Amino acid sequence: DWGLNQFTTHYQDATITKEDIFYYTYAVLHNPDYRKKYELNLKREFPRLPFYDDFFKWVAWGKKLMDLHINYETVSPFELQVIDNTHLVKDKNYKLKVKLKADKVNNIIAIDEHTYIHGIPESAWLYKLGNRSALEWVLDQYKEKKYTDKTIAEKFNTYRFANYKNHVIDLLKRVCTVSVETIKIIDEMNQ
């Protein structure tokens, strides 16, 4: 209630809702200028929100960003070229070596030794979750892990990337869309 009062008083608009402030905050926290200016403060205390001009423009950006980020699994997949040469492997018992590596210079993702995704836009690498791009975060989450504890390795380590390969490729295409669209919105903030 205190925060709502601060916003309605500053903007002289009684129609502002708590939900509007939530979206406004989400947009502000994605603003690179804000993050840079308050970098040290954001590491040690709760964020303090500036009153930017055109409150409802920030609310609209926050709504768009939140919709993208919450509904990432249902956005349209980005048109990327998937080159899959696994059909060339003659030995049916051959286990493909999983790579899940990003090559930002050439805008390629290596899924395994025979499958590559090409055509990733440079802006897709710019949307970060912490210190790495959202695409790299997905790659890291789907890597197979080797456990030193024998009990865990034998009884609980049932994850095999091969079972999720197509899902991961689809997810990467969708996260690419989310990343590109997020950067477009962030670029609008900086104009």
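Let me sum up the structure you'll find in this document.

**A few points about the sheet that holds strand S1 (residues 81-84)**
Read across the sheet, four strands follow the order S1-S4-S3-S2 without closing on themselves; strand pairing throughout is antiparallel. Here the strands that pair on one side only, and so sit at the sheet edges, are S1 and strand S2 (98-103). The average undirected angle you get between the axes of adjacent strands in this sheet is 15°. Pairing of strand S3 (residues 108-112) with strand S4 (residues 115-118) involves four bridges; the strand directions are antiparallel.

**Some details on the packing of aromatic side chains**
With the rule as written, the count across this model stands at 13 aromatic pairs. Seen in terms of ring centroids, phenylalanine 7 and phenylalanine 51 are 5.1 Å apart; in terms of plane orientation they differ by 80°. Their pairing is edge-to-face. One end of the pair, phenylalanine 7, is in helix H1 (residues 2-11); the other, phenylalanine 51, is in the loop between helix H4 (39-44) and helix H5 (55-70), and 44 residues separate them in sequence. Judged by relative accessible area, phenylalanine 7 falls into the buried class, the value being 6%. Seen in terms of ring centroids, tyrosine 11 and phenylalanine 55 are 5.0 Å apart; in terms of plane orientation they differ by 45°. Their pairing is tilted.

**Regarding empty space enclosed by the protein**
Evaluation of the coordinates by the stated rule reveals one cavity of 30 Å³ or more. Of the pockets and cavities examined, the largest cavity occupies roughly 40 Å³. Forming the boundary of the largest cavity are Tyr34, Tyr38, Asn41, Leu42, Glu45, Phe46, Pro47 and Arg48. Tallied by class, the residues present in the lining of the largest cavity amount to five nonpolar, one polar and two charged.

**Some remarks on a nonpolar patch on the surface**
On the surface, Tyr147, Ile152 and Phe156 cluster together to form a nonpolar patch covering roughly 320 Å² of accessible area. Examined against the element boundaries, tyrosine 147 turns out to sit in the loop between helix H6 (134-141) and helix H7 (150-156).

**A closer look at the nonpolar core**
Counting 24 residues, the largest nonpolar core has Ile109, Ile111, Ile117, Ile120, Leu135 and Leu172 as its most contacted members. Secondary structure elements with two or more residues in this core: S3, H6 and helix H8 (165-189). Among the elements that take part in this core, H8 stands out by supplying nine residues, more than any other. With near-sequence residues (within four places) excluded, isoleucine 111 lies in contact with Val98, Lys99, Leu100, Ile117, Phe161, Lys165, Ile169 and Leu172. In terms of nonpolar packing, the next biggest core, distinct from the first, is built from 20 residues, Ile16, Tyr23, Trp61 and Met189 among them.

**Some points on the pattern of salt bridges**
In the structure shown here, the tally under the stated rule is eight salt bridges. Between lysine 165 and aspartate 84 there is a salt bridge, and its shortest N-O distance comes to 3.6 Å. Taken as a pair, lysine 165 in helix H8 and aspartate 84 in strand S1 lie far apart in primary sequence, 81 residues in all. On the accessibility criterion, lysine 165 (12% relative accessible area) is buried. Through salt bridges that share partners, Asp84, Asp112 and Lys165 make up one connected network.

**A word on the side chain of aspartate 20**
If you trace the backbone, aspartate 20 turns up in helix H2 (residues 18-28). In this structure, aspartate 20 is buried with no salt-bridge partner, the nearest side chain bearing the opposite charge being lysine 63 at 4.9 Å.

**Examining H5**
Across its 16 residues, H5 extends 22 Å between first and last C-alpha, which sits within 8% of the 22 Å expected from 1.5 Å per residue. Those residues of H5 that fall on the buried side of the exposure criterion are Phe55, Trp58, Val59, Trp61, Gly62, Leu65, Met66, Leu68 and His69. For H5, the elements touching its buried residues are H1, H2 and H8.

How each quantity is defined
- Residues numbered from 1 in each chain as written.
- Predicted model: local features only at pLDDT ≥ 70, side-chain atom pairs only at ≥ 80, totals over all residues.
- Heavy atoms only, no water.
- Pairing = 2+ DSSP bridges.
- Helix = DSSP H or I, 4+ residues; strand = E, 2+ residues; numbered from the N terminus.
- Axes fitted to C-alpha atoms, helices over the stretch in contact; angles between N-to-C directions.
- Phe/Tyr/Trp six-rings, centres within 6.5 Å; stacked < 30°, edge-to-face > 60°.
- Buried < 20%, exposed > 50% of the residue type's maximum accessible area, 1.4 Å probe, protein only.
- 1 Å grid on protein atoms, 1.4 Å probe; cavity = no way out; pocket = protein on both sides within 12 Å on 5 of 7 lines; lining within 4 Å.
- Points joined across faces, edges and corners; volume = space filled by probe spheres on them.
- Nonpolar A, V, L, I, M, F, W, Y, C, P; charged D, E, K, R; others polar.
- Patch = residues over 30% accessible without salt bridge, like charges linked within 9 Å, V, L, I, M, F, W, Y side chains within 5 Å.
- Areas by Shrake-Rupley, 256 points an atom, 1.4 Å probe, with all protein chains shown as cover.
- Salt bridge = Lys/Arg side-chain N within 4 Å of Asp/Glu carboxyl O.
- Core = buried A, V, L, I, M, F, W, Y, C linked by side-chain atoms within 4.5 Å.
- Contact = heavy atoms within 4.5 Å.
- Lys, Arg positive; Asp, Glu negative; His and termini not counted.
- Expected span 1.5 Å × (residues − 1).

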